[in-house]
Amino acid sequence: MCGIVGYIGGQEAWPIIYEGLRLLEYRGYDSAGIAVVDPHGNIQLRKTVGKVNGLDEDGAGPKPQGTVGLGHTRWATHGRPTHENAHPHTDCQKRIAVVHNGIVENYRELKRRLTDDGHVFESETDTEVLTHLVEEGMDQGLTFQEAFRRMGRMVKGSQAISAILQGDAAQICALRLGHAGGIVVAQSEGQTIIGSDLPALLPLLHTESNIGQVGFLETNEMAVVTRNGVDYQDLDGNPIVKQTRMVSQADVQVDKAGYQHFMLKEIMEQPQAVASAMRERIDFEARRVDLPDFPFTKQEIADLDRVILIGCGTSLHAAQVGRHLVERYGGLPAEAESASEFRYRNPYISPRTLVVSIGQSGETADTVAAMQMAKDKGGKLLTICNAEGSQATRIADGTLYMRAGIEIGVASTKTFLASLTILNLLAIFLGQSRGILDQEKSQELVDGLAQAPRLIGDLLADQANYRRIAQLYADFDYFLFLGRGVNAPIASEGALKLKEISYIHAEGYPAGEMKHGPIALIDNAMATVALAPKDFLYDKVVNNVKEVKARDGRVLAVLTEGDTELAAEVDHVLYIPEAPEHLIPLLATVPLQLLAYNIALLRERDVDQPRNLAKSVTVE
Ligand code: M6R
């Protein structure tokens with residue numbers, strides 16, 4: 001969740017770390033801080049509550065000078081977002097500065113012992129025990145590296161930790177424990193940067209070549225960065241030979257391209273995202289799905305007896321849609337479950353179980369832990385993921401990359417549509433491979449998918465209409481989103497988008513469940529968004545809409561173009577084009593995203609960085 005940046009090189013560290021924190025701000029923005037080792041070897045610290053730009057605005061005089069430093073942008077877990085709780089944290093003697101992403105699960109007992117031994121704590125964070133543990137090791141005569149490793153062996157929980165030491169010998173230690181909290185190390189032309197993820201690192205290497213040598217830390221691995229380069233080692237200090245690769249800045253460039261928000265830019269990019277997810281995975285001549293990146297053999301596919309799809313948040317909604325698609329076109333029993341629940345069950349998983357994880361970041365702690373559990377139980381593990389080289393892609397037997405491009409808006413949009421596209425491809429591929437779909441049916445499905453980018457592009461054309469409808473609904477404080485079948489998770493996704501960026505209370509509900517409780521909420525203060533496209537459950541949803549109207553509810557319906565009959569019975573309509581059934585979840589999502597976006601704008605919310613949220617949830 002939090003973002004970490006560290007720098008050693010020939011340039012001033014402050015502006016580089018500051019820029020890196022801005023790029024990492026989507027991971028958390030409760031507070032920020034930078035520590036720089038000044039030319040006298042002392043650690044200079046500056047912190048702010050709130051966003052990173054506060055570091056520039058706090059009137060604290062000239063920026064700390066020096067060519068070695070560490071920075072942090074925080075998503076608060078332990079302790080409120082205050083100045084004292086902002087990272088970096090220092091030890092009693094102010095010799096060490098530490099930044100941290102994750103949770104020290106045994107911090108209470110460690111803090112108690114360290115306090116009894118005379119260490120003075122200045123914050124309420126779990127992080128601060130890390131600084132005092134390193135200090136304790138050094139007080140016992142260990143070197144900085146040895147004390148840092150000892151600290152790594154003493155703490156419990158998944159996390160990324162980095163520290164700098166005062167003095168002339170420039171040195172950053174960075175450590176990854178467990179599955180949460182990645183650390184990437186990028187080197188180029190005498191400079192080294194460490195950080196939480198790749199897109200935030202490479203733009204910081206202001207080098208002529210614009211290319212960096214990049215290594216990812218695995219669990220229980222540590223990087224020791226000095227002016228001479230990087231040493232990778234394990235927690236006992238044994239050297240590790242790290243496979244690194246060259247990555248160019250062009251691979252990770254991000255900007256708003258003239259849009260007011262990343263979210264809007266990313267919504268507008270959805271036709272390309274969907275097309276890119278299909279690229280080289282459809283043989284348009286044969287009108288077949290061909291997944292060259294699917295990791296299992298024909299025999300293994302034939303032997304599958306069950307598919308479990310897991311994810312969190314928006315990715316869970318994609319999993320729930322995927323379940324319908326796999327059952328319908330793949331001909332396999334399928335379940336979808338929140339990774340945070342799944343990881344604590346004891347599900348039956350065998351080598352014949354295909355577990356499919358979905359995740360934009362590939363770093364969501366619950367998803368990664370659930371994947372590891374499924375792998376340990378012997379399941380076949382596939383991930384649908386957007387972030388190259390992420391944890392999920394390293395744990396899985398194979399990855400179907402979304403290829404949606406970097407998504408910066410905290411609210412997931414284009415990666416959701418890319419996930420739905422790939423889940424369609426996966427379901428068709430399983431059906432083809434297992435002889436469930438005959439040639440005619442799979443060709444019809446493939447032809448349908450080929451239309452998706454154009455149809456989504458058409459939906460994006462009339463922005464004025466989404467703005468107009470948003471104006472009519474922006475003052476409602478309660479929303480119910482209803483959908484049935486494959487569109488029930490789309491209703492949940494519409495509600496999630498609205499609540500996360502506008503802070504309006506919104507519930508997503510399977511329409512058929514409404515009469516079992518939520519109907520009690522219906523009155524003229526409750527807005528109902530009903531998904532009623534022309535599919536095989538259309539008549540059922542029509543009945544649900546009528547039930548709402550009979551109770552004075554205001555209904556905004558998402559209907560198929562030409563449906564004048566139901567349009568006449570509801571208050572307002574957003575149309576989607578007539579399309580094959582497997583495209584409807586993709587198409588119905590777009591108006592809901594734009595409704596949420598425009599309502600959030602009208603309510604003057606921070607659309608790209610809504611309060612309390614973070615793009616990558618790397619803590620439990
Ligand atoms: O990176 P992931 O897809 O695993 O992230 C999962 C959720 O945290 C994420 O989808 C979250 O719900 C989004 N903010 C929704 O817009």
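Everything in this summary refers to the structure shown in the same document. Please read these numbers as outputs of a predicted model, since none were measured by experiment.

What counts, and at which threshold
Residues numbered from 1 in each chain as written. Predicted model: local features only at pLDDT ≥ 70, side-chain atom pairs only at ≥ 80, totals over all residues. Heavy atoms only, no water. Helix = DSSP H or I, 4+ residues; strand = E, 2+ residues; numbered from the N terminus. Buried < 20%, exposed > 50% of the residue type's maximum accessible area, 1.4 Å probe, protein only. Polar contact = N/O pair within 3.5 Å; in protein donor to acceptor, adjacent residues only side chain to side chain. Contact = heavy atoms within 4.5 Å. Phe/Tyr/Trp six-rings, centres within 6.5 Å; stacked < 30°, edge-to-face > 60°. Lys NZ or Arg CZ within 6 Å of the ring centre and 35° of its normal. Salt bridge = Lys/Arg side-chain N within 4 Å of Asp/Glu carboxyl O. Near = heavy atom within 4 Å. Areas by Shrake-Rupley, 256 points an atom, 1.4 Å probe, with all protein chains shown as cover. Nonpolar A, V, L, I, M, F, W, Y, C, P; charged D, E, K, R; others polar. Core = buried A, V, L, I, M, F, W, Y, C linked by side-chain atoms within 4.5 Å.

Mapped onto the fold, His89 is located in strand S5 (residues 89-90). By relative accessible area, which is 3% here, His89 ends up buried. Within the local environment of His89, its side chain forms a polar contact with the backbone oxygen of Asn85, the two atoms lying 3.2 Å apart. Of note is the side chain of His89, whose polar atom sits 3.5 Å from the backbone oxygen of Ala86. Once residues within four sequence positions are removed from consideration, His89 is found in contact with Lys47, Glu84, Ile96, Ala97, Val98, Ser123, Thr125, Thr127, Glu128 and Thr131.

So, on to the packing of aromatic side chains. A ring pair, where both rings are aromatic, is described by two values, the distance of the centres and the angle of the planes. This structure, assessed with the given rule, holds eight aromatic pairs. The interplanar angle of 80 degrees and the centroid separation of 5.6 Å between the aromatic rings of Phe294 and Phe296 together place this pair among those described as edge-to-face. Judged by its relative accessible area of 8%, Phe294 falls in the buried class. The buried category is assigned to Phe296, whose relative accessible area is 12%. Grouping aromatic residues by their ring pairs yields a cluster made of Tyr473, Phe476, Phe479 and Phe481. When the ring centre of Tyr538 is taken as origin, the NZ or CZ atom of Lys534, which lies over that ring, is 4.8 Å away. Across from the ring centre of Tyr503, 3.9 Å away, lies the NZ or CZ of Arg611, which sits over that ring.

Let us now look at the pattern of salt bridges. Throughout the structure, instances matching the rule amount to 26 salt bridges. Where Lys94 meets Glu122, a salt bridge forms, and the shortest distance between an N and an O atom there is 3.2 Å. Here Lys94, found in the loop between S5 and strand S6 (96-102), pairs with Glu122, found in the loop between helix H3 (107-116) and helix H4 (128-139); they are 28 residues apart in sequence, far enough to count as distant. For Lys94, a relative accessible area of 39% gives the class partly exposed. We note a salt bridge from Lys497 to Glu493, for which the minimum N-O separation is 2.6 Å.

Close to the ligand lie 15 residues; Ser315, Gln360, Ser361, Thr364 and Glu500 are nearest. Separating an oxygen atom of the ligand from a side-chain N or O atom of Thr364 is a distance of 2.5 Å. Burial of the ligand by the surrounding chains reaches 93%, relative to a free accessible area of 410 Å². Listed by contribution, the elements that provide at least two residues to the shell around the ligand are helix H10 (314-330) and helix H17 (488-502). Ranked by the residues each element gives to the shell around the ligand, the list is headed by H17, at three residues. Tallied by class, residues from the shell around the ligand come to five nonpolar, eight polar and two charged.

What follows covers the nonpolar core. When a protein is soluble and globular, its nonpolar side chains tend to lie buried together. In terms of nonpolar packing, the biggest core is built from 92 residues, with Phe294, Leu430 and Phe479 touching the most fellow members. Setting aside residues no more than four positions away along its own chain, Leu430 makes contact with Phe294, Ile301, Leu304, Val307, Val326, Gly330, Leu332 and Leu354. Leu133, Phe144, Ala147 and Met222 belong to the second largest nonpolar core, which has 26 residues in total.

What follows concerns unusual backbone geometry. At the junction of His87 and Pro88, the peptide bond is cis and its omega measures out at 0 degrees in the coordinates. Tracing the backbone through its elements, the reader meets Pro88 in the loop between strand S4 (68-74) and S5. Positive phi, normally seen in glycine, also occurs at Arg403, with a value near 60 degrees. If you trace the backbone, Arg403 turns up in the loop between strand S21 (398-401) and helix H14 (414-433). Its identity as a non-glycine residue notwithstanding, Glu604 has a phi of 55 degrees, on the positive side. Considering the arrangement of structural elements, one finds Glu604 in the segment after helix H20 (584-602). Judged by its relative accessible area of 71%, Glu604 falls in the exposed class.

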